[in-house]
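Architecture and fold: a report
Letter by letter, the chains look like this.
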Amino acid sequence: MTCPTEHSPAPTTTSRVPAAPARDTHRPASRSGRPERVTVAVYAADPVLRVGVVQQLRQRPEVDLLDDTDAEQAQVSLVIVDHVDDDVAALLHRLRHNTATRTGLVVGTLGPGTLPRVIECGVAAVLRRAEADQDQLLHLVLATANGEGVLPGDLLGKLLTHVGSLQRSALDPRGVSLSTLTTREADMLRLVSEGLDTAEIARKTSYSERTVKNVLHEIITRLQLRNRAHAVGYALRNGLI
């Protein structure tokens, strides 16, 4: 699964400042002996979400919130969203190529297969919005600045399962057959079996409708089936979903 490269929607910052060279994200002591504050830029399409996060972080002396014009110089880019769609993934992809910043994600819901997608886009620290109080936000910012990974326990378990599956496939490629479905393929076929159409599957999985169509077409072509209904029946008979 690859991270999309199409243009992202305009985030709350419109800065065109070139990316700065990578900097040491550990917090060195200033001349006064106090640790320097971590510089943070907040990105959110919803201004209400942005204001809420900014107000909480502004109260913390460990954090220095940057104006929009300086956002691309931030040590930490904090992206606040309801869910991860193609536009959000494009923003994360763009931030990944800014060597001055590390990216943290505060998200309402993560659909099936979304966690590997955001990790591929350079995100190593994730916090659910429902848990995003001031202390948790500060912990996410400081951990991100120090290059540490942060994941809720259940998401960490899913990630380890995903990594283990990839390792097994790499170590025993003969164990992978043409009838094997990837997690994404199985999830989409399961939604087809529940009667969802392409648009509904796209919303559920946070993929574009074009991606959903391509994935289902690939399943049907690879397994030499006639249509989606045939694919669902095949998957059920063979215990693939």
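Here, residues in each chain are numbered from 1, in the same order as that chain's written sequence. Local features in this predicted model are restricted to residues whose pLDDT is 70 or higher, and side-chain atom pairs enter the listing and the counts only when it is 80 or higher, whereas totals over whole chains, interfaces and linings include all residues. As a convention, hydrogens and water are excluded, and side-chain values are obtained from all of the structure's heavy atoms.

If you look the protein chain up in an unreviewed UniProt entry, it shows as Helix-turn-helix transcriptional regulator from Streptomyces spinoverrucosus.

**Description of the nonpolar core**
Take the buried residues of types Ala, Val, Leu, Ile, Met, Phe, Trp, Tyr and Cys, join any two whose side-chain atoms come within 4.5 Å, and each joined set is a nonpolar core. Throughout, exposure labels follow a simple rule: accessible area from a 1.4 Å probe, protein chains only, divided by the maximum for the residue type, with under 20% read as buried, over 50% as exposed, and the rest as partly exposed. Membership of the largest hydrophobic core comes to 23 residues, with the highest contact counts inside it found for Val 40, Leu 57, Leu 78, Ile 80, Val 106, Leu 137 and Val 141. Going through the elements one at a time, strand 1 (38-44), helix 1 (47-58), strand 3 (76-81), strand 5 (123-128) and helix 4 (134-145) are the ones with two or more residues in this core. Elements are defined by DSSP. Helices are runs of H or I of four residues or more, strands are runs of E of two residues or more, and each kind is numbered from the N terminus. Here the element with the most residues in this core is helix 4; it accounts for six residues. Beyond its immediate sequence surroundings of up to four residues, Ile 80 is in contact with Val 42, Tyr 43, Ala 44, Ala 45, Leu 49, Val 53, Val 106 and Arg 129. Contacts between residues were defined by any pair of non-hydrogen atoms, one from each residue, lying within 4.5 Å.

**Some words on the sheet that holds strand 1**
Spatially, five strands are ordered 2-1-3-4-5 in an open sheet, and the strand pairing comes out parallel. Only two strands of the sheet have a single neighbouring strand rather than two, namely strand 2 (63-65) and strand 5. Taking the axes of each pair of neighbouring strands and ignoring which way they run, one obtains an average angle of 30° across the sheet. In this sheet, strand 2 lies alongside strand 1 in parallel orientation, the contact comprising three bridges. From the neighbouring strand, Val 40 faces strand 2, where its bridge partner is Leu 65. Packing of helix 1 onto the sheet brings it into contact with strand 1, strand 2 and strand 3, and relative to strand 1 it is tilted by some 165°. Criterion used throughout: strands pair if DSSP finds at least two bridges between them. A fitted line through C-alpha atoms serves as each axis, taken over the contacting stretch for helices, and the angle formed by two N-to-C directions is quoted from 0 to 180°.

**Notes on the packing of aromatic side chains**
Classification of ring pairs rests on two measures: the distance between centres of Phe, Tyr or Trp rings, Trp counted by its six-membered ring, which must be within 6.5 Å, and the angle between planes, read as stacked under 30 degrees, edge-to-face over 60 and tilted in between. In total, this model carries zero aromatic pairs according to the counting rule given. Two thresholds decide whether a charge sits over a ring: the Lys NZ or Arg CZ must be within 6 Å of the ring centre and within 35 degrees of the ring normal. Taking NZ or CZ as reference, Arg 184 lies 5.2 Å from the ring centre of Tyr 207, over its face.

**Details of the environment of Val 76**
If you trace the backbone, Val 76 turns up in strand 3. Overall, Val 76 belongs to the buried group, its relative accessible area being 0%. The spatial distance from the C-alpha of Val 76 to the C-alpha of Leu 142 is 8.6 Å, given a sequence separation of 66 residues. Ignoring anything within four residues of it in the chain, the contact list for Val 76 reads Val 38, Thr 39, Val 40, Ala 41, Thr 101, Arg 102, Val 141, Thr 144 and Ala 145.

**Focus on helix 7 (residues 198-205)**
Those residues of helix 7 that fall on the buried side of the exposure criterion are Thr 198, Ile 201, Ala 202 and Thr 205. One face of helix 7 carries all of its buried residues, which in axial projection span an arc of 105°. Turned more than 90 degrees away from the buried face of helix 7 sit Arg 203 and Lys 204, all of them exposed. On its buried side, helix 7 packs onto helix 3 (114-120), helix 6 (183-193), helix 8 (209-222) and helix 9 (228-237). Regarding helix 7, its N-cap is Asp 197, as a side-chain oxygen of that residue lies 3.3 Å from the backbone nitrogen of Ala 199 further along. Backbone geometry just downstream of helix 7 places Ser 206 in the positive-phi region, at approximately 65°. The directions considered for the arc are those from the helix axis to the C-beta atoms. Contacts described as polar in this section are N or O atom pairs within 3.5 Å, which, within protein, must combine one atom able to donate a hydrogen with one able to accept it, while residues neighboring in sequence count only if both atoms come from side chains.

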